[in-house]
Amino acid sequence: MSQDALCSNLVRVVPNATLYHFGVLTSSVHMAWMRVVAGRLKSDYRYSAQIVYNNFPWPEPSEEQKLKIEETAKAILGVREKYPDSSFADLYDEVTMPADLRRAHEANDRAVMKAYGWKTNLSEPEIVARLMELYQELTAGDGAK
């Protein structure tokens, strides 16, 4: 962003984020989590650091899996660069999304699911169920209900 850009208190920043973080956060796994736990304003999602990000059960990848996620994340960014005049709304429209961008995201989704040790063809309800199980395991015994 340029120095002339103004933003609201709704902007979220992940200091020291890496390609790995970008890959996981842009995956269908994280998006499934966000769609279930995020709040809404009208029909728009309200991403909350406290509710969505801080409670997200991250995978525990091997070094090889982490490198694969970084590679697929970099590929997503590379494809986006091919469309400098397109907005995110244009790029991520379900009907008009460029095929190469869709393939890049699908490869990233597979890499992230493998990092969880899951099959790579899970449906969104299956992903959410597994994430909720992980969340319960992570919070068991800490007084969370």
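In the block above lies the structure referred to throughout.
The structure displayed is predicted, hence computed values, not measured ones.

Asks: How do you make sense of the nonpolar core when you look at a structure like this?
Replies: The biggest cluster of nonpolar side chains holds 20 residues, and the ones touching the most others in it are Val 29, Phe 56, Ile 69, Tyr 116, Trp 118, Ile 127 and Leu 131. For this core, the elements supplying multiple residues, two or more each, are α1 (19–25), α2 (28–37), α6 (99–116) and α7 (124–139). Here the element with the most residues in this core is α6; it accounts for 5 residues. The residues touching Tyr 116, leaving out its near neighbours within four places in the chain, are Val 29, Phe 56, Pro 57, Trp 58, Pro 59, Leu 131 and Leu 134. By size, the runner-up hydrophobic cluster in this structure holds 6 residues, among which are Ile 76, Val 79, Met 97 and Leu 101.

Asks: Is there a simple way to explain the side chain of Thr 139 in this structure?
Replies: Summarising the element assignment, Thr 139 is placed in helix α7. A distance of 2.9 Å separates the side chain of Thr 139 from the backbone oxygen of Tyr 135, its partner in a polar contact.

Asks: Help me understand the side chain of His 105, please; the structure alone is not making it clear to me.
Replies: With respect to the helices and strands, the residue His 105 is situated in helix α6. Residues contacting His 105, with those up to four places away along its chain left out, are Thr 26, Ile 76, Tyr 92 and Met 97.

Asks: I'm lost on the packing of α2 against α7 in this one. Help?
Replies: Working note: a packed helix pair is described by the angle between its axes plus the distance between those axes. It is the contact of α2 with α7, at a shortest axis distance of 9 Å, that shows an interaxial angle of 80°. Classed by the angle they form, the pair α2 and α7 counts as roughly perpendicular. Between α2 and α7, the residues in contact are Ser 28, Val 29, Ala 32, Trp 33, Arg 35, Val 36 and Val 37 and Glu 124, Ile 127, Val 128, Leu 131, Met 132 and Tyr 135, respectively.

What counts, and at which threshold
Residues numbered from 1 in each chain as written. Predicted model: local features only at pLDDT ≥ 70, side-chain atom pairs only at ≥ 80, totals over all residues. Heavy atoms only, no water. Core = buried A, V, L, I, M, F, W, Y, C linked by side-chain atoms within 4.5 Å. Buried < 20%, exposed > 50% of the residue type's maximum accessible area, 1.4 Å probe, protein only. Helix = DSSP H or I, 4+ residues; strand = E, 2+ residues; numbered from the N terminus. Contact = heavy atoms within 4.5 Å. Polar contact = N/O pair within 3.5 Å; in protein donor to acceptor, adjacent residues only side chain to side chain. Axes fitted to C-alpha atoms, helices over the stretch in contact; angles between N-to-C directions. Parallel < 35°, antiparallel > 145°, perpendicular 65-115°, else oblique.

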